[in-house]
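The lines below spell out each chain.
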Amino acid sequence: MKIYLSPLASADPLKALAMLPSSTNADETANPELRGSAANRTKVFLNGIPISNPVRNSQLNGIGFFSLLNTEMIKNEFIYPTNPPLIYGNTSAGLIDIETEDKLESNNYQLSTTLASSGVSISQRINDKSFIQLYSNFMYSKVFLSVNPTLGERLKGFSSNDFGLNYHNEISEKVSFNFYNYVLSENSDYLMNLFTWQDNATGKTLRDFSILNLKYNNSGNYLSLNLGSNFQRSNFSFGNISSKSNQMQFYTSINYKHLFSEKMSLQAGLSNDYANNHYNDVVPEIYYAMSPSSPTIQADTTLMNNLPEGYIYFRWNP
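Computed from a predicted model, the values in this text were never measured in an experiment. (Residues numbered from 1 in each chain as written. Predicted model: local features only at pLDDT ≥ 70, side-chain atom pairs only at ≥ 80, totals over all residues. Heavy atoms only, no water.)

Engineer: Got a minute to help me understand the overall build of the protein chain in this structure?
Structural biologist: Secondary structure summary: the protein chain contains three helices and 16 strands in total. Referenced to the eigenvectors of the C-alpha coordinate spread, the extents of the protein chain come out at roughly 70 × 40 × 35 Å. A total of 318 residues make up the protein chain; the buried ones form 38% of that total. Relative to all contacts within the protein chain whose residues are 6 or more apart in sequence, the contacts with residues 24 or more apart total 57%. Total accessible area computed for the protein chain in this model is approximately 17,900 Å², and 58% of it derives from carbon and sulfur atoms. Between the centroid of the 22 positive side chains of the protein chain and the centroid of its 26 negative side chains there is a distance of 4 Å. (Helix = DSSP H or I, 4+ residues; strand = E, 2+ residues; numbered from the N terminus. Buried < 20%, exposed > 50% of the residue type's maximum accessible area, 1.4 Å probe, protein only. Contact = heavy atoms within 4.5 Å. Areas by Shrake-Rupley, 256 points an atom, 1.4 Å probe, with all protein chains shown as cover. Lys, Arg positive; Asp, Glu negative; His and termini not counted. Charge placed at Lys NZ, Arg CZ, Asp CG, Glu CD.)

Engineer: What's the story with the nonpolar core in this structure? I'm lost.
Structural biologist: Note that soluble globular proteins tend to have their nonpolar side chains buried in a common cluster. Among the nonpolar cores identified, the biggest contains 24 residues, and Leu46, Ile98, Tyr180, Tyr182 and Phe209 are the most heavily contacted of them. Looking at this core, the elements with two or more residues in it are β1 (43-46), β6 (95-100), β11 (175-194) and β12 (197-218). If we skip the residues at most four places from it in the chain, Tyr182 touches Arg56, Leu68, Tyr135, Asp162, Phe163, Gly164, Arg207, Asp208 and Phe209. (Core = buried A, V, L, I, M, F, W, Y, C linked by side-chain atoms within 4.5 Å.)

Engineer: For this particular structure, what's the right way to read the sheet that holds strand β5 (residues 74-80)?
Structural biologist: In any sheet, the strands associate via hydrogen bonds between backbone groups, in a parallel or an antiparallel arrangement. Strand order in the open sheet formed by four strands is β2-β1-β6-β5, with mixed pairing between adjacent strands. Each edge of the sheet is formed by a strand with only one pairing partner; in this case those strands are β2 (49-50) and β5. Note that β1 and β2 share two bridges and pair antiparallel. Of the residues in β2, the one forming a bridge with Leu46 is Ile49. (Pairing = 2+ DSSP bridges.)

Engineer: Explain the pattern of salt bridges to me, please; I cannot follow it from the model alone.
Structural biologist: Oppositely charged side chains may form a pair once their charged atoms are brought near each other. Within the structure shown, the criterion is met by three salt bridges. A salt bridge links Asp162 to Arg56, with the shortest nitrogen-to-oxygen separation between them at 3.4 Å. With a gap of 106 residues between them, Asp162 in strand β10 (residues 155-169) and Arg56 in strand β3 (residues 55-56) connect regions that are remote in the sequence. Here Asp102 makes a salt bridge to Lys75, at a shortest N to O gap of 3.0 Å. Of this pair, Asp102 sits in the loop between β6 and β7 (108-113) while Lys75 sits in strand β5, and the two are 27 residues apart along the sequence. (Salt bridge = Lys/Arg side-chain N within 4 Å of Asp/Glu carboxyl O.)

Worth remembering: the numbers are spatial, not functional.
Following this line, the structure appears as structure tokens:
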């Protein structure tokens, strides 16, 4: 309700951060900016899994005006402008830790529509120990552009369709299971002027990320396993510019905590973050010559990174 009632949030969990004293977001986007740092310096975690580029956008600079997250599915949102908990390691510009619902009090159904979009949201209890949440949004441009003809002179069309699912199951008193999946498809077509060339700039993005959490809790022993995957394919073309990218990311973490007493505990964990990003670009040889007949340069890049981390700490509150 704090997100819904915030006048700056637009019902979006990341845009709601703009009301915090630590937020320095001056461009009114959903990209979190804390303590004057760039948006890509702040980590966003969902159920223990980092989300790269957590906004809906097709822009090359990563700017988006709405996040990928659905407020209806959120139970907690913790913001750490400085140092986050040790289990997440160090970050250069704060961390946002988001947890989805683990208990559904009642069923809920929502339907919305505007000139440019329609959406549906369903929260359904399966039994006393499990529930499922579904939502989907469809964005279309024909009706919106028909009542805004001046925009249609340059904005030729757009679409943004997404689908989200969250399934939770209390397998037993000691074991719980949660699965989250999100799929996004975006398209845009815009008449753009750049240097000596005017042409339609088209962009397409297809994205899917999944999160699986398994938790075990038994008389002072707590064990959690978190698995996450992220796949994204993007295409952009304008004149003699062509940019194609394929991004892949896998994240795994396991955490164990033992409570010796109410005042003494030991916690340890391991994580591994693997990313493979491939870019296939065709760019102008002369930066201002962008017609299809102008000379170009082929630029292919593959970036791979594998980051294993571990931690262990002992806490005593005398």
